[in-house]
Amino acid sequence: MATALAAKRIKDVIFEWEGKDKNGKNVRGEMRAGGEAMVSASLRRQGVMVNKVKKRRMTGGKAIKQKDIAVFTRQLSTMMRAGVPLIQSFDIVARGSTNPKLTRLLTDIRSDVETGTSLSAAFRKHPLYFDALYCNLVEAGEAGGILETLLDRLAIYQEKTMAIKNKIKSALIYPVAVLVVAFVVLTVIMIFVIPAFEDVFKSFGADLPAPTLIVMAMSKFFTSYWYLIFGLGGGGIYFFMQSWKRSLKMQKYMDRLLLRVPVFGELVNKSSVARWTRTLSTMFAAGVPLVEALDSVGGASGNHVYMLATKKIQQEVSTGTNLTVSMQNANVFPNMVLQMAAIGEESGSLDSMLGKAADIYEREVDDAVDSLASLMEPLIMVVLGTIIGGLVVAMYLPIFKLGAVI
């Protein structure tokens, strides 16, 4: 028990050191050890004259994002292609990182690999950052002796997947920002502007037009119960997002609903098809058996409809049905994807044909996002112009009526 605790303590402590080698050249590095004395003793055995040893601070740093993992994968692939040893590659990437959390993650993986653990097994210890797809491809690369090639494929896959996500997010940023600003403007009008007009209208001593009375009633309600409106609205959005995140039933329902939404549903569908075909192409090209590859493909699509379809396809393929027929039975894939999969199976180039299908749908996602953005801008402007313009006209009607009487 004591030995296990000591080993854990040693693993968790990293020291940074500086010194001079046998030739008098300044050198520096990092080392895991149980204390400064162990670092100094180890370096002396290597012929290094130690000048300074200090424990590296283990706090701080931003959360590790998918982009950080994609950049790491690209860097690791590039260095291994250049002939840099794996351990040294991890050292270079870790030192070049500006995020302490990522540096700690890479240092932990490096230590596991250095003690004889396979790279895929070291990655599997951190499922929050490396999913089953990532680990399976790395394991296939290690088994086939083509790790640098598989890392390159992984980097391309991650870059293309992130490009699709970022494209969709960028299309949604503008309308969301406009709606937030519009809500703030309407709140200011309801709470401050309309009550000021109401005080002026009371001095008229005349009947007010119906639109003005409606707007004033809305303003009174908003002013009296603003805390309920904001509280219920914010709480409703929060609980909706939490239930979407935590409830599997809610996720399935929303994923089905998103595919049916006019205009936007087509974009989600094309994005899911692009990710599905890209993932299966990458896995199959890496030499992963089709049935095993389908384990990772469903989750990578990002939609429960395609995840359930993938499970059905996997069951049929495992019983001897060919992939194209299984995909056709799932009834979620476009005809073009089915035809390209059939051609790929017949010609023995399934990975290539699925990759081309992914390229086509990724371009269609780009075009759909551009079209959606160009459609949303004038539509939002018309809606907001109608609402705010209606409020302004309703409040100025009594003034126009008074001017006509005079």
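S.K.: Could you give an account of the overall build of the protein, with specific residues and numbers?
M.R.: When its secondary structure is counted, the protein shows 17 helices and three strands. For the protein, the C-alpha radius of gyration of 30 Å lies well beyond 22 Å, the compact-globule estimate for 406 residues. With respect to the three principal axes, the spread of C-alpha positions in the protein is 100 × 65 × 40 Å. Here the protein holds 406 residues, and the buried ones make up 38% of them. Long-range pairs, those at least 24 residues apart, make up 60% of the contacts in the protein with a sequence separation of at least 6.

S.K.: If you had to explain the packing of aromatic side chains to someone new, which residues and values would you point to?
M.R.: Pairs of aromatic rings are described using the distance from one ring centre to the other and the angle between the two planes. Applying the stated criterion across every chain yields a total of ten aromatic pairs. Both rings, one in Phe123 and one in Tyr134, keep their centres 5.3 Å apart while their planes meet at 85°; by these two values the pair is edge-to-face. On the criterion of sequence distance, the pair formed by Phe123 in helix 6 (residues 119-124) and Tyr134 in helix 7 (residues 132-144) is long-range, its members being eleven residues apart. The two residues Phe123 and Tyr134 agree in class, both being buried.

S.K.: Explain the packing of helix 8 (residues 147-202) against helix 12 (residues 264-285) residue by residue, including any values.
M.R.: At a closest axis distance of 10 Å, the pairing of helix 8 and helix 12 adopts a crossing angle of 175°. Here helix 8 lies roughly antiparallel to helix 12, going by the angle between them. Note on element contacts: helix 12 touches helix 8 through Phe264, Leu267, Ser271, Ala274, Arg275, Arg278, Thr279, Thr282 and Ala285, opposite Arg153, Tyr157, Lys160, Thr161, Ile164, Lys165, Ile168 and Leu172. Its residues placed into classes, the contact of helix 8 with helix 12 shows eight nonpolar, four polar and five charged.

S.K.: Could you give an account of the side chain of Gln251, naming the residues involved and the relevant values?
M.R.: The topology assignment puts Gln251 in helix 11 (residues 248-260). On the basis of relative accessible area, Gln251 is assigned to the buried category, the value being 18%.

S.K.: Before we move on, could you go through helix 16 (residues 335-347) and cite the residues and values that matter?
M.R.: For helix 16, with 13 residues, the first-to-last C-alpha span of 18 Å sits near the 18 Å given by 1.5 Å per residue. Turning to helix 16, its buried residues number three or more, namely Val337, Leu338, Met340, Ala341 and Gly344. Down the axis of helix 16, the buried side of the element spans an arc of 165°, and every buried residue falls inside it. Residues of helix 16 that are exposed and point more than 90 degrees away from the buried face comprise Asn335, Gln339 and Glu346. Looking at the residues trailing helix 16, positive phi occurs at Gly348, about 75°.

S.K.: Give me the lowdown on unusual backbone geometry, citing residues and values where you can.
M.R.: Residues other than glycine predominantly adopt negative phi, and peptide bonds predominantly adopt the trans conformation. Here the phi dihedral of Asn331 falls at roughly 60°; this positive angle occurs in a residue that is not glycine. Among the secondary structure elements, Asn331 is positioned in the loop between helix 15 (323-330) and helix 16. Judged by relative accessible area, which is 68%, Asn331 ranks as exposed.

S.K.: Describe the confidence of the model for the protein, naming the residues involved and giving the relevant values.
M.R.: Summary statistics for the protein give a mean pLDDT of 80 and a share of 92% for residues scoring 70 or more. Low pLDDT, under 50, characterises residues 1-12; the stretch is placed with seven contacts to residues that sit more than four places away or in other chains.

S.K.: Please provide a residue-by-residue account of helix 14 (residues 304-318), values included.
M.R.: For an α-helix the count is 3.6 residues per turn, leaving residues at separations of three or four pointing the same way. In this model, helix 14 (15 residues) spans 21 Å end to end at C-alpha, consistent with the 21 Å of a helix rising 1.5 Å per residue. Of the surrounding elements, those touching the buried residues of helix 14 are helix 11, helix 12, helix 13 (290-300) and helix 15. N-cap assignment for helix 14: the residue whose side-chain oxygen lies 2.9 Å from the backbone N of Val305 is Asn303. Positive backbone phi, at 110°, marks Gly320, one or two positions downstream of helix 14.

S.K.: Can you break down the environment of Thr78 residue by residue, with the values?
M.R.: Considering the arrangement of structural elements, one finds Thr78 in helix 3 (residues 66-81). The class of Thr78 is partly exposed, set by a relative accessible area of 46%. Separated by 285 residues in sequence, Thr78 and Arg363 have C-alpha atoms that sit 26 Å apart.

S.K.: Describe the pattern of salt bridges, with residues and values.
M.R.: Oppositely charged side chains can pair when the atoms bearing their charge come close. Applying the stated rule across the entire model yields twelve salt bridges. Notably, a salt bridge pairs Arg74 with Asp152, separated by 2.6 Å at the nearest N-O pair. One end of the pair, Arg74, is in helix 3; the other, Asp152, is in helix 8, and 78 residues separate them in sequence. Where Glu362 meets Lys160, a salt bridge forms, and the shortest distance between an N and an O atom there is 3.9 Å.

S.K.: Before we move on, could you go through a nonpolar patch on the surface and cite the residues and values that matter?
M.R.: Taken together, the side chains of Phe183, Phe221, Tyr225, Trp226, Tyr227, Leu228, Phe230 and Leu232 make up a nonpolar region of the molecular surface, amounting to roughly 860 Å² of accessible area. Here the nonpolar patch gets five residues from one element, more than from any other, and that element is helix 10 (residues 226-246). If you trace the backbone, Phe183 turns up in helix 8.

S.K.: So what's going on with the environment of Lys25? Which residues, and what values?
M.R.: Secondary-structure assignment places Lys25 in the loop between strand 1 (14-20) and strand 2 (26-32). Dropping the residues within four chain positions of it, Lys25 is found in contact with Gly19 and Lys20.

S.K.: Describe in detail a positive patch on the surface, supporting the description with residues and values.
M.R.: Judged by side-chain charge, Lys62, Lys65, Lys67 and Lys169 come together as a positively charged surface patch. Looking at the element boundaries, Lys169 is found in helix 8.

The rules we used
Starting from 1, residues in each chain are numbered consecutively following that chain's sequence as written. Where local features are concerned, this predicted model is filtered to residues with pLDDT of at least 70; where side-chain atom pairs are given and counted, the filter is 80 or more; whole-chain, interface and lining totals use all residues. Excluded from the side-chain calculation are hydrogens and water; included are all heavy atoms of the structure. Only DSSP runs of H or I reaching four residues or more are called helices, and only runs of E reaching two or more are called strands; each is numbered from the N terminus. Using C-alpha atoms as the atom set, the radius of gyration is obtained and then compared with a globule rule of 2.2 Å times the number of residues to the power 0.38. Burial here depends on accessible area, computed with a 1.4 Å probe over protein chains only, as a share of the maximum for the residue type. Under 20% is buried, over 50% is exposed, and the range in between is partly exposed. In what follows, a contact means two residues having at least one pair of non-hydrogen atoms within 4.5 Å. Stacked, edge-to-face and tilted labels apply to pairs of Phe, Tyr and Trp rings (six-membered ring for Trp) whose centres lie within 6.5 Å, assigned for plane angles under 30 degrees, over 60, and everything in between, in that order. Working convention: axes come from line fits to C-alpha atoms, limited for helices to the stretch in contact. Angles between N-to-C directions cover 0 to 180 degrees. Any angle that falls under 35 degrees is termed roughly parallel, while one over 145 is termed roughly antiparallel, one within 65 to 115 roughly perpendicular, and all others oblique. Put simply, Ala, Val, Leu, Ile, Met, Phe, Trp, Tyr, Cys and Pro go in the nonpolar bin, Asp, Glu, Lys and Arg in the charged bin, and everything else, Gly too, in the polar bin. Any helix carries an expected span of 1.5 Å times its number of residues minus one. Arc definition: it is the arc formed by the directions from the helix axis to the C-beta atoms. Per-residue confidence from the prediction method is given by pLDDT, with values spanning 0 to 100. Any pair of N or O atoms that falls within 3.5 Å is considered a polar contact. Within protein, one atom must be able to donate a hydrogen and the other to accept it, and sequence-neighbouring residues count only if both atoms are side-chain atoms. Throughout this description, the term salt bridge denotes a Lys or Arg side-chain nitrogen within 4 Å of a carboxyl oxygen of Asp or Glu. Here, patches come from residues exposed beyond 30% relative accessible area and free of salt bridges, joined within 9 Å for like charges and within 5 Å for nonpolar side chains (Val, Leu, Ile, Met, Phe, Trp, Tyr). Note on areas: these come from Shrake-Rupley sampling with a 1.4 Å probe, and a residue is covered only by the protein chains present in the view. For the purpose of charge, His is not counted, nor are the chain termini; Lys and Arg are scored as positive and Asp and Glu as negative. Working definition for charges: the position is that of NZ of Lys, CZ of Arg, CG of Asp or CD of Glu.

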